[in-house]
Amino acid sequence: MIHCEGLVKIYKSNDLEVVALQGLNLTVKEGEMMAIIGNSGSGKSTFLNILGGLDRPSAGTIQVGEWNLLKITDDQLVKYKRDTVGFIWQNNARNLLPYLTALENVEMPMMLSGRLDRAYAKQLLEWVGLGHRLNNKLQQLSGGEQQRVAIAISLANKPKLLLADEPTGSVDTQTSDLIMDIFRKMNKELGVTVVIVTHDLSIAGKVDRVVAIRDGLTSTEFIKRNPGLDEAGKGLQEIHEAYVVVDRVGRLQVPKDYLEALNIDDKASMELDGDKIIIRTPKQLEE
C-alpha cells in the first residue's frame, strides 16, 4: 500500500533550511494496521502530511497504491485526497463543522465528491457507536464522541488508507481504548490500511506493527512477540526484537542510543559470527 525509499523533505524559509525527513525508508502492506512513534521534531507528522497529500516531498520515492506522490499533479492530488486517503486530526476543530449535526458532518465529504449516500453515513455513525447521536450538533457531544464522528467522516468516501495524527492524544484512557477498537474494527471489516502517528507507547500493543522515527529516519522497527497481543492489550514490554533498516547499498541505520551505549563514535568493530553480525567498540591496537 505504501512504499517509500530515501524520502526527503526540506522546508525553506528565507535563508533557513530545515531537513524534516532525511532519507526515510518504509513499506506498509495493504490491510495492515500500524503505528509510527517518535519524539517531537522526529519527522513523523511531516511524513503523515506527505501521505495525506497535504505536503509535497522534496526528493526520494513515495508510492501509495497507484499514486506516485513525488510526481503527482495538482489535479491528481485532489482526486487522491478525495478517493484514496482519509485523515483524522488530533484537534477536532480541524475535522468537524460546528454548525452541522453529526450526520451532516459525515455527509459533507460525500456531497463535495458528488456521491451523497445518507444510508452509508448513518451506518458509519452506528459503527462508531453514535447511531443515537445522528442529529446532535457538536456542542452536544463530548470530546471522545466528536473524535468518533471524525473517524466516521474520514471513512465517508471509502478510502483505502486511513491516517490518524495523535487520535487518542486529547481523550481519557477508556475513550482511547474505544477509539483503537474502532480502528481495528474498520481495519478488519472494511480492509482499510491504518497508519497512526502517536507518542503514546501503549498503542503499540493494539496494532500489527510499530515503527520508530528518529531524526527523520526510520531507525528501529519493533516486532511483537505473539499475534494475540491485540486481545491482550499489552504494551511495549511484549515487544522484544529491534530491526535496523538496510538501504539498497547495504548500509545499516543503527539507532544512536545503541551506539552511545557502547561508546561508539565514528568507528566500530564488526565481525561475522555464524549467522550473526556483531558490532563492538573498536578493539585497541596491541602494542
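Residues numbered from 1 in each chain as written. Predicted model: local features only at pLDDT ≥ 70, side-chain atom pairs only at ≥ 80, totals over all residues. Heavy atoms only, no water.

Engineer: Help me get a handle on the overall build of the chain, residues and values and all.
Structural biologist: Along its length, the chain carries eight helices and 15 strands. Put simply, the chain has 287 residues, and 48% of those count as buried. For the chain, contacts bridging at least 24 residues in sequence account for 62% of all contacts bridging at least 6. Split by element, the accessible area of the chain, about 15,400 Å² in all, is 49% carbon and sulfur. (Helix = DSSP H or I, 4+ residues; strand = E, 2+ residues; numbered from the N terminus. Buried < 20%, exposed > 50% of the residue type's maximum accessible area, 1.4 Å probe, protein only. Contact = heavy atoms within 4.5 Å. Areas by Shrake-Rupley, 256 points an atom, 1.4 Å probe, with all protein chains shown as cover.)

Engineer: Run through the nonpolar core, naming residues and quoting values.
Structural biologist: By size, the foremost hydrophobic cluster in this structure holds 41 residues, and its most contacted members are Leu125 and Phe183. For this core, the secondary-structure elements that each account for two or more residues are β3 (33-37), α3 (102-112), α4 (118-127), α5 (143-154), β7 (161-165), α6 (173-190), β8 (193-198) and β9 (209-214). The residues touching Phe183, leaving out its near neighbours within four places in the chain, are Met33, Ile88, Ile151, Leu162, Ala164, Pro167, Val194 and Ile196. Ranked by size, the runner-up nonpolar core spans 30 residues in total, among them Met34, Phe47, Ile50 and Val85. (Core = buried A, V, L, I, M, F, W, Y, C linked by side-chain atoms within 4.5 Å.)

Engineer: Provide a residue-level description of the pairing of β3, including the pertinent values.
Structural biologist: Of all five residues making up β3, five are buried, and the element is well covered by its neighbours. Going residue by residue along β3, you find Met33, Ala35 and Ile37 tucked away on one face and Met34 and Ile36 tucked away on the opposite face as well. As defined by bridge partners, β3 adjoins β8 across five bridges and the pair is classed as parallel. When the bridges of β8 are listed, Ala35 appears paired with Ile196. Sheet topology note: the β3/β9 ladder contains four bridges and is parallel. Of the residues in β9, the one forming a bridge with Ile37 is Ala212. (Pairing = 2+ DSSP bridges.)

Engineer: Account for the packing of α5 against α6, with residues named and values stated.
Structural biologist: Direction vectors running N to C along α5 and α6 enclose 15 degrees, while the axes themselves pass 10 Å from each other. For the element pair α5 / α6, the angle class is roughly parallel. Considering only the axes of α5 and α6, their crossing is right-handed. Contact residues: Gly144, Gln147, Arg148 and Ile151 in α5; Thr175, Leu178, Ile179, Ile182 and Phe183 in α6. (Axes fitted to C-alpha atoms, helices over the stretch in contact; angles between N-to-C directions. Parallel < 35°, antiparallel > 145°, perpendicular 65-115°, else oblique. Left-handed = near helix turned anticlockwise from the far one by under 90°.)

Engineer: So, the packing of aromatic side chains: which residues are in play, and what are the values?
Structural biologist: Under the counting rule described, the total for this entry stands at three aromatic pairs. Here the aromatic rings of Trp67 and Tyr80 are separated by 6.2 Å at their centres, their planes lie at 75 degrees, and the arrangement is edge-to-face. Separated by 13 residues along the polypeptide, Trp67 in strand β5 (residues 67-68) and Tyr80 in helix α2 (residues 74-83) bring together distant segments of the chain. For Trp67, a relative accessible area of 11% gives the class buried. Sitting above the plane of the Tyr11 ring, Lys9 keeps its charged end 4.9 Å from the centroid. One cation-aromatic arrangement involves Lys158 over Tyr120; the distance from NZ or CZ to the ring centre is 4.7 Å. (Phe/Tyr/Trp six-rings, centres within 6.5 Å; stacked < 30°, edge-to-face > 60°. Lys NZ or Arg CZ within 6 Å of the ring centre and 35° of its normal.)

Engineer: If you had to explain the pattern of salt bridges to someone new, which residues and values would you point to?
Structural biologist: Evaluated as defined, the whole model comprises 11 salt bridges. Salt-bridge contacts for Arg209 lead to Glu32; the nearest nitrogen and oxygen are separated by 2.6 Å. With Arg209 in strand β9 and Glu32 in the loop between β2 (16-28) and β3, the pair connects residues that are 177 residues apart, well separated along the chain. Among the ionic pairs, Arg82 bridges to Asp83, the shortest N-O distance being 3.4 Å. In this structure Arg82 comes out as partly exposed when scored by relative accessible area, which is 34%. Connected through shared salt-bridge partners, Lys79, Arg82, Asp83 and Arg115 make up one network. (Salt bridge = Lys/Arg side-chain N within 4 Å of Asp/Glu carboxyl O.)

Engineer: Tell me about the environment of Lys44, and please be specific about residues and values.
Structural biologist: With respect to the element layout, Lys44 can be found in helix α1 (residues 44-51). C-alpha separation for the pair Lys44 and Ala212, spaced 168 residues apart in sequence, amounts to 8.7 Å.

Engineer: Lay out the pairing of β2 with the relevant residues and their values.
Structural biologist: Where strand β1 (residues 2-13) meets β2, 10 bridges bridge the pair, whose relative direction is antiparallel. From the neighbouring strand, Cys4 faces β2, where its bridge partner is Leu26.

Engineer: How would you explain the sheet that holds β5 if you had to name every residue and give the values?
Structural biologist: The strand order across the open sheet formed by four strands is β2-β1-β4-β5, and the pairing between neighbours is antiparallel. Both edges of this open sheet fall to β2 and β5, since each of them pairs with a single strand only. Here strand β4 (residues 59-64) runs beside β5; their pairing, made up of two bridges, is antiparallel. The residue of β5 that forms the bridge with Val64 is Trp67. The sheet strands contacting α1 are β1, β2 and β4, and the helix crosses β1 at an angle near 110 degrees.

Remember that the coordinates give geometry; whether it matters functionally is a separate question.
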